[in-house]
Amino acid sequence: MKYFYYPGCSLEGTAQEYDASTRAVMRALGAELVAVADWTCCGASAGEAVSHLLSLALPARNLALAEQSAIDADMLVPCSACYLNLKKVEEHTRRDGTLLATINEVLAEEGLSCTNTVKVRHLLDVLARDIGARTVQAKVVRPLTGVTIAPYYGCQCLRPYEVFDDPQQPTSMEPLIEALGATVLPWQMGAQCCGAGLMTTKKETALERVSVLLQAARGADCIATVCPMCQMNLDSYQAKISRMNAENLAVSVLYLPQLMGLAFGLPEKTLKLHLNFAYAQSLKGKMSALRHAAEAQQTAVGSEQ
Amino acid sequence: MTVQTQNGPHEAPDPLAAIGENIKACMQCGTCTGSCANSGAMDYTPRELWRMVQLGLSDEIFASKTFWLCSSCYFCTLRCPRGLPLTEAMAALKRLAIAQGKWKEKKSTKFYLTFLDNVRRYGRVREMDLMTRYFLSLKNPLTPMGFTPLGVKLMVKGKLSMQLPNLFSAGKLDALYRKVREVEGRS
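Note that the structure is a prediction, hence the values are computed from the model and not measured.

Comments concerning helix α12 (residues 256-263) of chain A
Of all the 8 residues making up α12 of chain A, 8 are buried; the element is thus mostly covered by neighbouring parts of the structure. Along α12 of chain A, the residues that are buried comprise Leu256, Pro257, Gln258, Leu259, Met260, Gly261, Leu262 and Ala263 of chain A.

Here's the deal with the environment of Asn116 of chain A
Residues and elements named next belong to chain A. Assignment of secondary structure puts Asn116 in the loop between α5 (97-107) and β4 (120-122). Sequence-wise, Asn116 and Arg95 are 21 residues apart; in three dimensions their C-alpha atoms are separated by 11 Å. Residues in contact with Asn116, not counting those within four places in the same chain, are Glu67, Val89, Glu90, Thr93 and Arg94. At a separation of 3.2 Å, a polar atom in the side chain of Asn116 contacts the main-chain carbonyl oxygen of Glu90. For Asn116, the side chain forms a polar contact with the side chain of Thr93, separated by 2.7 Å.

Observations regarding the pattern of salt bridges
Residue and element names in this part refer to chain A. Applying the stated criterion across every chain, the model contains 25 salt bridges over all chains. Across the salt bridge formed by Glu90 and Lys87, the nearest N and O atoms sit 3.0 Å from each other. Taken together, the residues Glu90 and Lys87, both in helix α4 (residues 80-95) and 3 residues apart, mark about one turn of the helix. In this structure, Lys286 engages Asp221 in a salt bridge whose closest nitrogen and oxygen atoms are separated by 2.9 Å. Taken together, the residues span a long stretch of sequence, with Lys286 in helix α13 (residues 281-304) and Asp221 in the loop between α9 (203-216) and β7 (222-225) at a distance of 65 residues.

Here's the deal with the sheet that holds strand β6 (residues 183-184) of chain A
Sheet strands associate in pairs through backbone hydrogen bonding, adopting either a parallel or an antiparallel arrangement. Residues and elements named next belong to chain A. Read from one edge of the open sheet, 4 strands run β6-β5-β7-β8, paired in parallel fashion. Lying at the two open borders of the sheet, with one neighbouring strand each, are β6 and β8 (252-255). In the sheet, strand β5 (residues 148-151) pairs with β6 via 2 bridges, with the strands oriented parallel. Bridged to Thr148 within β6 is Thr183.

A word on the sheet that holds strand β3 (residues 74-77) of chain A
All names here are of chain A. On the basis of which strands lie adjacent, the open sheet formed by 4 strands has the order β2-β1-β3-β4 and parallel pairing. Where the open sheet ends on each side, the last strands, each with one partner, are β2 (32-35) and β4. Taking each pair of neighbouring strands and ignoring which way they run, the sheet shows an average axis angle of 40 degrees. As judged from the 3 bridges shared by strand β1 (residues 2-5) and β3, these two strands associate in the parallel manner. Across the sheet, residue Tyr3 finds its bridge partner in β3, namely Asp74. Along the sheet, helix α6 (residues 123-138) makes contact with β1, β3 and β4, crossing β4 at roughly 80 degrees.

Brief notes about the nonpolar core
Met75 and Leu144 of chain A together with Trp50 and Leu93 of chain B are the most contacted members of the largest nonpolar core, which totals 130 residues. Looking at this core element by element, the count peaks at 10 residues for helix α3 (residues 52-68) of chain A. Not counting residues up to four positions away in its chain, the partners in contact with Met75 of chain A are Phe4, Tyr6, Val36, Asn62, Leu63, Ala66, Leu86, Val118, Lys119, Val120 and Arg121 of chain A. Listed in part, the 30 residues of the second largest apolar core include Met189, Leu207, Leu213 and Leu249 of chain A.

Notes on the domain arrangement of chain B
With domains assigned, chain B is organised as domain 1 (15-99) and domain 2 (106-176). Between domain 1 of chain B and domain 2 of chain B, the C-alpha centre-to-centre distance is 29 Å.

Let's talk about the packing of aromatic side chains
The final tally for this structure, using the stated rule, is 10 aromatic pairs over all chains. Ring geometry for Phe62 of chain B versus Phe67 of chain B: centroids 5.9 Å apart, planes at 80 degrees, classification edge-to-face. Geometrically, the ring pair formed by Phe67 of chain B and Trp68 of chain B is tilted, given 5.1 Å between the ring centres and 40 degrees between the ring planes. Residues Phe67 of chain B and Trp68 of chain B agree in their burial class; the two are buried. Pairwise contacts between aromatic rings join Phe111, Tyr112, Phe115, Tyr134, Phe135 and Phe147 of chain B into one cluster. Its guanidinium or amino end placed over the ring of Tyr122 of chain B, Arg126 of chain B lies 4.0 Å from that ring's centre, counting from NZ or CZ. For the cation-ring pair, Lys159 of chain B lies above Phe277 of chain A, with the distance from its terminal atom to the ring centre recorded as 5.2 Å.

Topic: the state of the cysteines
Throughout the structure, instances matching the rule amount to 0 disulfides over all chains. You can see Cys41 of chain A has no disulfide; the closest cysteine sulfur is in Cys9 of chain A, sitting 4.0 Å from it. Unpaired in terms of disulfides, Cys26 of chain B finds its nearest cysteine sulfur in Cys32 of chain B, a separation of 6.2 Å.

Comments concerning the domain arrangement of chain A
It is common to report an interface's size as the accessible area lost on association of the parts. Residues and elements named next belong to chain A. In terms of domain boundaries, chain A breaks down into domain 1 (2-122) and domain 2 (140-296). Between domain 1 and domain 2, the C-alpha centre-to-centre distance is 25 Å. In this complex, domain 1 contributes 26 residues to the contact, which on the side of domain 2 involves 24 residues. Interface of domain 1 and domain 2: buried area, both sides summed, is about 2000 Å²; carbon and sulfur atoms make up 73% of it. For the interface between domain 1 and domain 2, the tally reads 3 residue pairs in polar contact (both at pLDDT 80 or more). Residue composition of the side of domain 1 that touches domain 2, by class: 13 nonpolar, 8 polar and 5 charged.

Quick word on the interface of chain B and chain A
Across the contact, 53 residues belong to chain B and 60 residues belong to chain A. When chain B packs against chain A, close to 5100 Å² is buried across both sides, 63% of that on carbon and sulfur atoms. If you sort the residues of chain B by the area they bury against chain A, Tyr74, Arg124 and Lys159 of chain B come out on top, with a joint share of 14%. Where chain B packs against chain A, one counts 6 salt bridges. Between Lys179 of chain B and Glu105 of chain A there is a salt bridge, and its shortest N-O distance comes to 3.8 Å. Scanning the region where chain B abuts chain A turns up 25 residue pairs in polar contact (both at pLDDT 80 or more). Those elements that provide at least two residues to the side of chain B that touches chain A are α5 (75-79), α6 (86-99), α7 (106-122), α8 (127-138), α9 (143-156) and α10 (174-186) of chain B. In terms of residue class, the side of chain B that touches chain A is made up of 29 nonpolar, 8 polar and 16 charged.

What counts, and where the lines are drawn
- Residues numbered from 1 in each chain as written.
- Chains lettered and ligands numbered in written order.
- Predicted model: local features only at pLDDT ≥ 70, side-chain atom pairs only at ≥ 80, totals over all residues.
- Heavy atoms only, no water.
- Buried < 20%, exposed > 50% of the residue type's maximum accessible area, 1.4 Å probe, protein only.
- Helix = DSSP H or I, 4+ residues; strand = E, 2+ residues; numbered from the N terminus.
- Contact = heavy atoms within 4.5 Å.
- Polar contact = N/O pair within 3.5 Å; in protein donor to acceptor, adjacent residues only side chain to side chain.
- Salt bridge = Lys/Arg side-chain N within 4 Å of Asp/Glu carboxyl O.
- Pairing = 2+ DSSP bridges.
- Axes fitted to C-alpha atoms, helices over the stretch in contact; angles between N-to-C directions.
- Core = buried A, V, L, I, M, F, W, Y, C linked by side-chain atoms within 4.5 Å.
- Domains from an automatic or database assignment.
- Phe/Tyr/Trp six-rings, centres within 6.5 Å; stacked < 30°, edge-to-face > 60°.
- Lys NZ or Arg CZ within 6 Å of the ring centre and 35° of its normal.
- Disulfide = S-S within 2.5 Å.
- Buried area = accessible area lost by both parts, 1.4 Å probe.
- Nonpolar A, V, L, I, M, F, W, Y, C, P; charged D, E, K, R; others polar.

Below you can see the structure in the form of structure tokens.
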């Protein structure tokens, strides 16, 4: 299995742990990631707020770079915002040849052209459909027994394009979480918005969105995310939101591949768990208990032999 | 409506009418409002906004903060029984407000513009440089304070790049941006 890998800006900065854990887990699963050389920003949510053409030309530049390398592979994108921007190029230009010509007129400035042949895939899509829970389960050496996980999908990997899951009642993460030996928290908030970029421009509103999510996640040891914006919003304001609600709403917020990596027995350092703000005691305690149990079992097996 | 454009005062296509054209099939059912997580913070609900767009009530629309509160969750687009591209229409209103200088939302406007300028310079976002320029553009010393705790936490974790700003050399995506402006100016 081979994929072009488009990390996007967040994964180089505030979401380094998503990048590190995605690479580590994909390697463990036997997938090869080919870097898109010289990739640039997809335009995020700013692109379409300023220029429609720029909001398509920026992601198209990256698709064109991938095409240049003449490898037949899909493009794997872990960030949901990047995924949607890249996907929009695919969707809009498929219906509109004139638009593709206009985008290519812009890309010609950089000696590039996009023919819309590289398929854009979200990380969760690849994990759920290309790899699958069975293959994931086969890699598990340290099952997350007794750990309850709230699957959080967010918006832009689900909507508006219905690609790999139900856009309102998604379930694609559940078999993966169960394959890790963990328990899925039954909740209705998996597809609700975290407030996204409003955390920068309309903070009070975004804090309310996150507050609703954290309250609904009561009973979970961890929220699993597949988007750096969701993770940052859920992860960074827990103390403030707990004060707002006069209730301790602290909960671990980990990227799905970080949880997979833990169950695969990869070192916490490789998964950069020290970079999550919200890696809370309830999960940490359970993880170290599971580790000790596994080590004790190994020692017992060793002494028997 | 006659719009003054750089081409002169002749009759130009009204950009608000173009947005109205995309949502003209709206039948005011309110599914969008019921699906919107942020409608409680809006001065007009999404349903009301679409009616205002149909009626071309430009002044009221651009005085409203409704479209700035769209977080692009795409629930309204997904659920609209008429299949209208509502989230894209929200973005189109942001674009129009910024292009016509009708923005009342300084924070949103400055953030989007500073963000794209950062991308033009470096190709990829440099968060420290972006936030510094964003705060400077707001000219309000109180805004950064709300972000200081997060900034410090990110810095401690080594999540903010500390590269020196590039002040004088050419931007990584100058040519691409120039061409986009040229093509857009033509239409």
